[in-house]
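# Summary of structural features
Residues per chain are reported as follows:
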Amino acid sequence: MTRTLRGAIALAGAAALSLGAVSVSGAQPGAAKQEEVKIGLLLPESKTTRYEKFDRPYIEQKIKELAPDAQIDYYNAAESATTQQQQVNTALAKGDQVLILDAVDSKSIQSSVQKAHDAGVKVVAYDRLAQGPVDAYVSYDNRKVGELQGQALLDALGDKAETGQIVMHNGSPTDPNAAEFKAGAHSVLDGKVKIGKEYDTPNWDPNNANQQMSGAISALGKENIVGVYSANDGLAAGIATALKSAGINVPLTGQDAQLDAIQRILLGTQTITVEKPYKPEADIAATMAVDLAEGKELPASLTPTTVTSGSGQKVPANLLTPIVVDKDNIKDTVVKDGLYTVDEICTPTYAQACEEAGLK
């Protein structure tokens, strides 16, 4: 083989190797390895059945649908603001990129939200609006919830609104939603019914609500109480027990569409509850979190409005519409929405009431 031929072969081989290298390295132009999605889910408590039964599984399911390999770190604060602050620290140490945060105490969590922000971690406020530099918020129109509760109570009272007194149980003072429920209810009730006693109930504790209601009955006299405003179903459970013990059956409101509340409505010991369908709220929170973890801007369709936090910050938000549930629309609300089956509601104790309500 001549020197010229050997040189040509060598050059051809080098060119082929060079082309091969270009082909391999450029097989997916512009492609970069996608970082793992890491999301911390921080819920406030478990006494209210919604969090473990609905919110957590719905949120986790939607995250996995959008990002199958996502890492989800779950925490429940068991009603302790201090525990939740420690859980935020743990989530940050684990490298979570986004926190879905349902605050125990919207004010005390502000320093933790700021810490997350300073670390470049996004915060989606879920159901309750935490103070601090929150990136997005999803909940229901909470003032509207109170308005619906107040109007339902007023409608149930009828002419009795002018003859007796009501007792109000407004929920936890550390929950910003409770203030909204209260404001909404007062906007309907004030001037139309006399409020004999009014309570805040720390941590939404049904046992405290029971004691408060018993105290109100002793102070006002059971014959003078014509109705009770309860901000949620957990409180309503404790209140209903106190009313039954005193031999009283008066209109009673609630919220969250808990199974026991639906059953009390069937029996006539609770008048209404307000359903805030959990799945739409959970799906929106999960979508927000995955988008933010992937570095995307949240579209206007996901945050169609803004709210102002207690610290004065404008927060992109999505506020959903609540629904009143009474004896006549159980099938068209909580059953249709998949919260409970008829069999779950209509256990033997409630079979006759279910039949009368057309649930069988």
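This text goes with the structure placed above it.
Below: a short report on this structure. Since the model is a prediction, treat every value here as computed from it, not as a measurement.

Rules and cut-offs
- Residues numbered from 1 in each chain as written.
- Predicted model: local features only at pLDDT ≥ 70, side-chain atom pairs only at ≥ 80, totals over all residues.
- Heavy atoms only, no water.
- Helix = DSSP H or I, 4+ residues; strand = E, 2+ residues; numbered from the N terminus.
- Rg over C-alpha atoms; globule rule 2.2 N^0.38 Å.
- Buried < 20%, exposed > 50% of the residue type's maximum accessible area, 1.4 Å probe, protein only.
- Contact = heavy atoms within 4.5 Å.
- Core = buried A, V, L, I, M, F, W, Y, C linked by side-chain atoms within 4.5 Å.
- Polar contact = N/O pair within 3.5 Å; in protein donor to acceptor, adjacent residues only side chain to side chain.
- Pairing = 2+ DSSP bridges.
- Salt bridge = Lys/Arg side-chain N within 4 Å of Asp/Glu carboxyl O.
- Disulfide = S-S within 2.5 Å.
- Axes fitted to C-alpha atoms, helices over the stretch in contact; angles between N-to-C directions.
- Parallel < 35°, antiparallel > 145°, perpendicular 65-115°, else oblique.
- Nonpolar A, V, L, I, M, F, W, Y, C, P; charged D, E, K, R; others polar.

## Focus: the overall build of the protein chain
Across its full length, the protein chain carries 13 helices and 12 strands. Its C-alpha atoms give the protein chain a radius of gyration of 27 Å, clearly above 21 Å, the size a compact globule of 360 residues would have. Projected onto the principal axes, the alpha-carbon positions of the protein chain cover approximately 120 × 45 × 30 Å. Put simply, the protein chain has 360 residues, and 51% of those count as buried. The long-range fraction of contacts in the protein chain, counting pairs at least 24 apart against all pairs at least 6 apart in sequence, stands at 68%.

## Focus on the nonpolar core
Residues I100, I330, V334 and I345 are the most contacted members of the largest nonpolar core, which totals 47 residues. For this core, the secondary structure elements donating two or more residues are β1 (38–43), α2 (50–66), β3 (98–101), β4 (122–126), β5 (136–140), α9 (259–267), α10 (278–293) and α13 (351–356). In terms of residues, this core owes the most to one element, α10, which gives 10 residues. Contact partners of V334, with chain neighbours within four places excluded, come to A257, I262, E275, V325, L339, Y340 and I345.

## Here we look at the side chain of Q97
When you line up the elements, Q97 lands in the loop between α3 (81–93) and β3. One polar contact links the side chain of Q97 to the main-chain amide nitrogen of K38, over a distance of 2.5 Å.

## Considering the pairing of β1
Looking down a regular strand, the side chains alternate between one sheet face and the other. Counting buried residues in β1 gives 5 out of 6 residues, a clear majority hidden from the surface. Relative to β3, β1 runs parallel, the two sharing 4 bridges. From the neighbouring strand, I39 faces β3, where its bridge partner is V98.

## Notes on the pattern of salt bridges
Where side chains of opposite charge bring their charged atoms close, a pairing between them can arise. Inspection of the entire model under this criterion finds 17 salt bridges. In this structure, the salt-bridge partner of R128 is D102, at a minimum N-O distance of 3.6 Å. Taken together, the residues span a long stretch of sequence, with R128 in the loop between β4 and β5 and D102 in the loop between β3 and α4 (110–118) at a distance of 26 residues. Considered together, R128 and D102 belong to a single accessibility category, that of buried residues. Notably, a salt bridge pairs E147 with R143, separated by 3.5 Å at the nearest N-O pair. With E147 and R143 both in helix α5 (residues 142–157), this residue pair falls 4 residues apart, about one helical turn. When salt bridges with common partners are traced through the structure, they connect R50, D55, D127, D256, K276 and E281 into a single cluster.

## What to know about the state of the cysteines
Within this structure, the stated rule accounts for 1 disulfide. Paired through a disulfide, C346 and C354 show a sulfur-sulfur distance of 2.1 Å. Classification of the bridge connecting C346 and C354 rests on its S-S torsion, roughly -100°, and on that basis the disulfide is left-handed. Across the pair, exposure class does not vary: C346 and C354 are buried alike.

## Things to note about the packing of α3 against α4
Relative to each other, α3 and α4 sit at 10°, their axes nearing to 9 Å. Judged by the angle between their axes, α3 and α4 are roughly parallel. Across the interface between the two elements, Q85, V88, N89 and L92 of α3 pack against S112, K115 and A116 of α4. Taken together, the residues that form the contact of α3 with α4 break down as 3 nonpolar, 3 polar and 1 charged.

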